[in-house]
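# Structural characterization, general
So the chains spell out like this:
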Amino acid sequence: MGRNWILFIAAAIIAPVAAQPALSLPEAVRLALEKHPSLEAAAAQGKAAATRIDQARAGLLPRVTYSESFQTSNNPVFAFGTLLTQRRFAESNFRLDALNNPGFVNNFQSQLQVEQILYDFGGVRAQVRSAELGKQMTGEQERAARLRRAVEVARAYHGATLTAESRAVADAAVKSAEADLARAEAVRDAGMSTDADVLSIRVHLAARQEEVIRRRYDLEVARAALNEALGVPLDTVYSLTTPLAVASVVVGEAAEVEGEAKSARPEIREAEIGRQMAESQRDAARSARLPQIVARGMFEADRGRFVTQAGANWFFGAGLRWNLFSGNADKRKVEETAHAIAAASAREREAAGGVALQVRQARAALLSAEERLKVADASIAAAEESLRIMRNRYEAGLATVSDLLRNETALLEVRTRRLAAIHDQRVAAILLEYAKGTLTGDSNVLQ
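Computed from a predicted model, the values in this text were never measured in an experiment.

## Quick notes on the environment of Glu335
- The residue Glu335 is located in helix H10 (residues 329-395) in this model.
- Taking C-alpha positions, Glu335 is 57 Å from Tyr238, a pair spaced 97 residues apart along the chain.

## Observations concerning the pattern of salt bridges
- Across all of its chains, the model carries 31 salt bridges by this definition.
- Between Arg415 and Glu384 there is a salt bridge, with its nearest N and O atoms 3.3 Å apart. Of this pair, Arg415 sits in helix H11 (residues 401-436) while Glu384 sits in helix H10, and the two are 31 residues apart along the sequence.
- Residue Arg415 is classed as partly exposed on the basis of its relative accessible area, which comes to 28%.
- Among the ionic pairs, Glu385 bridges to Arg388, the shortest N-O distance being 2.5 Å. Residue Glu385 and its partner Arg388 are both found in helix H10; the two are separated by three residues, about one turn of the helix.
- You can call Glu385 partly exposed: its relative accessible area is 36%.
- Arg388 gets classed as partly exposed once you look at its relative accessible area, which sits at 42%.

## A closer look at the sheet that holds strand S5 (residues 292-303)
- Read across the sheet, four strands follow the order S2-S3-S5-S6 without closing on themselves; strand pairing throughout is antiparallel. Two strands in the sheet have a free side with no partner beyond their single neighbour: strand S2 (63-73) and strand S6 (310-321). Pairwise comparison of adjacent strand axes, ignoring direction, gives a mean angle of 20 degrees for this sheet.
- Two elements, S2 and strand S3 (residues 105-119), share eleven bridges in a ladder whose sense is antiparallel.

## Re the packing of helix H8 (residues 254-264) against H10
- Taken N-terminus to C-terminus, the directions of H8 and H10 make an angle of 135 degrees; their axes are 9 Å apart at the nearest point. As far as their axial angle goes, H10 and H8 are oblique. The element H8 and its partner H10 pack so that their crossing is right-handed. When H8 is examined against H10, the residues Ala254, Val257, Glu258 and Ala261 are found in contact with a partner set consisting of Val355, Ala356, Val359, Arg360 and Arg363.
- Residue composition of the contact of H8 with H10, by class: six nonpolar, no polar and three charged.

## Describing unusual backbone geometry
- Of note, the phi angle at Phe121 is positive, near 60 degrees, even though the residue is not glycine.
- With phi around 65 degrees, Asn328 is a residue other than glycine that occupies positive phi space.
- Note that Asn328 resides in the loop between S6 and H10.

## Considerations on the packing of aromatic side chains
- Counted by the stated rule, this structure contains five aromatic pairs.
- With 4.7 Å between their ring centres and 40 degrees between their planes, Phe70 and Phe108 make a pair best called tilted. Residue Phe70 is located in strand S2, and its partner Phe108 is located in strand S3; the two are separated by 38 residues in the primary sequence.
- These aromatic residues form a ring-pair network of at least three members: Phe70, Phe108 and Phe306.
- The aromatic ring of Tyr434 is capped on one face by Arg265, whose charged end is 4.6 Å from the ring centroid.
- One residue, Arg303, lies across the ring of Phe306, its end atom 5.3 Å from the ring centre.

## Here we look at the confidence of the model for the protein
- The pLDDT averaged across the protein works out to 89; a share of 96% of its residues lies at or above 70.
- By mean pLDDT, helix H1 (residues 2-18) is the weakest element of the protein at 45, and S2 is the strongest at 95.
- The model gives residues 5-18 a pLDDT under 50, and that stretch makes zero contacts with residues more than four places away or in other chains.

## Some thoughts on the side chain of His158
- Position of His158 relative to the elements: it lies in helix H6 (residues 123-189).
- A relative accessible area of 0% means that His158 is categorised as buried.
- Once residues within four sequence positions are removed from consideration, His158 is found in contact with Leu25, Leu244, His423, Arg426, Val427 and Ile430.

## What to know about the environment of Trp322
- In this structure, Trp322 sits in the loop between S6 and H10.
- Distance in space between the C-alpha atoms of Trp322 and Ala284 is 15 Å, their sequence separation being 38 residues.
- When residues no more than four places from it in sequence are discounted, the contact partners of Trp322 are Arg289, Leu290 and Pro291.
- Within the structure, the side chain of Trp322 is placed 3.0 Å from the backbone oxygen of Arg289, a separation counted as a polar contact.

## Observations concerning a nonpolar patch on the surface
- A surface patch of nonpolar side chains, amounting to about 990 Å² of accessible area, comprises Leu118, Tyr119, Phe121, Leu290, Ile293, Leu320, Trp322, Leu324 and Phe325.
- Relative to the helices and strands, Phe325 resides in the loop between S6 and H10.
- Among the residues examined, Phe325 registers a relative accessible area of 61% and is labelled exposed.

## Observations concerning helix H4 (residues 76-85)
- Buried residues of H4: Ala79, Thr82 and Leu83, and no others. Angularly, the buried residues of H4 cover 100 degrees about the axis, an arc narrow enough to put them on a single face.
- Lining the buried residues of H4 we find S3.
- Where H4 begins, the side chain of Asn75 points an oxygen toward the backbone nitrogen of Val77, at a separation of 2.9 Å.

Calculation criteria
The written sequence of each chain sets the order in which its residues are numbered from 1. Confidence filtering applies because this is a predicted model: local features only for residues at pLDDT of at least 70, side-chain atom pairs given and counted only at 80 or more, and all residues used for totals across whole chains, interfaces and linings. Hydrogens are left out, water is left out, and the side-chain values use all remaining heavy atoms of the structure. The helix count covers DSSP runs of H or I at least four residues long, the strand count covers runs of E at least two residues long, and both are numbered beginning at the N terminus. The rule for a salt bridge is simple: a side-chain nitrogen of Lys or Arg has to be within 4 Å of a carboxyl oxygen of Asp or Glu. The buried label goes to any residue with under 20% of its type's maximum accessible area, the exposed label to any with over 50%, and the partly exposed label to all in between, with areas taken from a 1.4 Å probe on protein chains only. The pairing criterion for strands is at least two bridges between them, as found by DSSP. Between the N-to-C directions of two axes lies an angle of 0 to 180 degrees, each axis being a line fitted to C-alpha atoms and, for a helix, fitted only over the stretch in contact. An angle counts as roughly parallel when it lies under 35 degrees, as roughly antiparallel when it exceeds 145, as roughly perpendicular when it falls between 65 and 115, and as oblique in every other case. Helix crossings fall into two classes, left-handed where the near helix is turned counterclockwise from the far one by less than a right angle and right-handed where it is turned clockwise. In what follows, a contact means two residues having at least one pair of non-hydrogen atoms within 4.5 Å. Nonpolar residues are Ala, Val, Leu, Ile, Met, Phe, Trp, Tyr, Cys and Pro. Charged residues are Asp, Glu, Lys and Arg, and all others, Gly as well, are polar. Geometry of aromatic contacts follows a simple scheme: Phe, Tyr and Trp rings, the Trp one being its six-membered ring, pair when their centres are within 6.5 Å, and the pair is stacked under 30 degrees between planes, edge-to-face over 60, tilted otherwise. We call a charge positioned over a ring when the NZ of a Lys or the CZ of an Arg lies within 6 Å of the ring centre and within 35 degrees of the ring normal. As a per-residue quantity, pLDDT reports the predictor's confidence and falls between 0 and 100. What qualifies as a polar contact is a pair of N or O atoms within 3.5 Å, subject to a donor-acceptor requirement within protein and to the restriction that residues adjacent in sequence count only when both atoms come from side chains. Within the patch definition used here, like charges are joined within 9 Å and nonpolar side chains (Val, Leu, Ile, Met, Phe, Trp, Tyr) within 5 Å, considering only residues with over 30% relative accessible area and no salt bridge. A 1.4 Å probe and the Shrake-Rupley method give the accessible areas. Residues count as covered only by the protein chains that appear here. By definition, the arc is the one covered by directions from the helix axis to the C-beta atoms.

Okay, structure coming up:
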């Protein structure tokens, strides 16, 4: 019985820990790329685009139709022709009374028809090409969605770690304020200050406690935002193992990075494919104004009863089908595709310019964050030393409580700025990799 209680207590202690599985940033990105609904939707769109290729290729294959019908009539012409078709016409049917008053004749007709386009000046092939380009475009769209998802996860992950670190800084500020309060009370009790100093520090302590409360709830929201980015339930709790530390990044020259982006970003490739699709649609529109050469074949069975009294025949023919005039609709379609090509070409240039700007923005943000971090690193040591000196002076009665609180606030601010600079540097490094189009779940900037 005692052993069972020990196991129960051990399980109760271990359970909260087990309820928080460890999650690194690379693992988080890979999880989102596997689980997030937006990527499931993008993959489904890719599969739908693949089926459109087969739909377009169907135009290269013969069209086969089958029909079954029933007719009955005592019309002399119908009766005469139907009996011939059924191979049942006899000499008795030549009698004048039989010709004029044949009585009703039943006809069960089965038809199998085949039609094949032999040549259409490339119209169907242009449609197939357009569908193939559509599949390529959805592939680039899916790749772009994966890149964006990786960025969103990284932002949310570092947002959560920044909030957690900020809460730790706020907790430390509370402890420091509590120590200052004890120090002020001791100085007051020694007759070296008044209750006003103690009250000022109490107000300062309350402000720091409010900050802790805000950070606690901010952390809840940040973790929920991370879960949404991952595509998991919002109440899922992970232990985030990738620290908010400075990323090791080599920043290349702007022209070099822009060159990488132009060859790797899916948005640029997507715009290029869009132009090619517009060109293939123009080719299809042009072919619609040209004739089609078509072959047709038919097998027909006509029966007096559903399964008997039957005759069969076949037919084969070839012809030319040409839409000579359709109210200029075909001509306007060609003009429309010309404008679509111009628009696609403009979007292609726009995409290239947008990607180049993203590269420069990410590069500038990364360099800025690294310089800010150097300033913050230098400032934090100075702020800590200044606060130490000010505390000693306050205890000796050589400084006012305002001087002490000003130094406390300055240290809190510089610690917060340092955390923000680290966060911005990590995010900017990820955004630069994204702008280049090379961000994956295994990228070094996620480590």
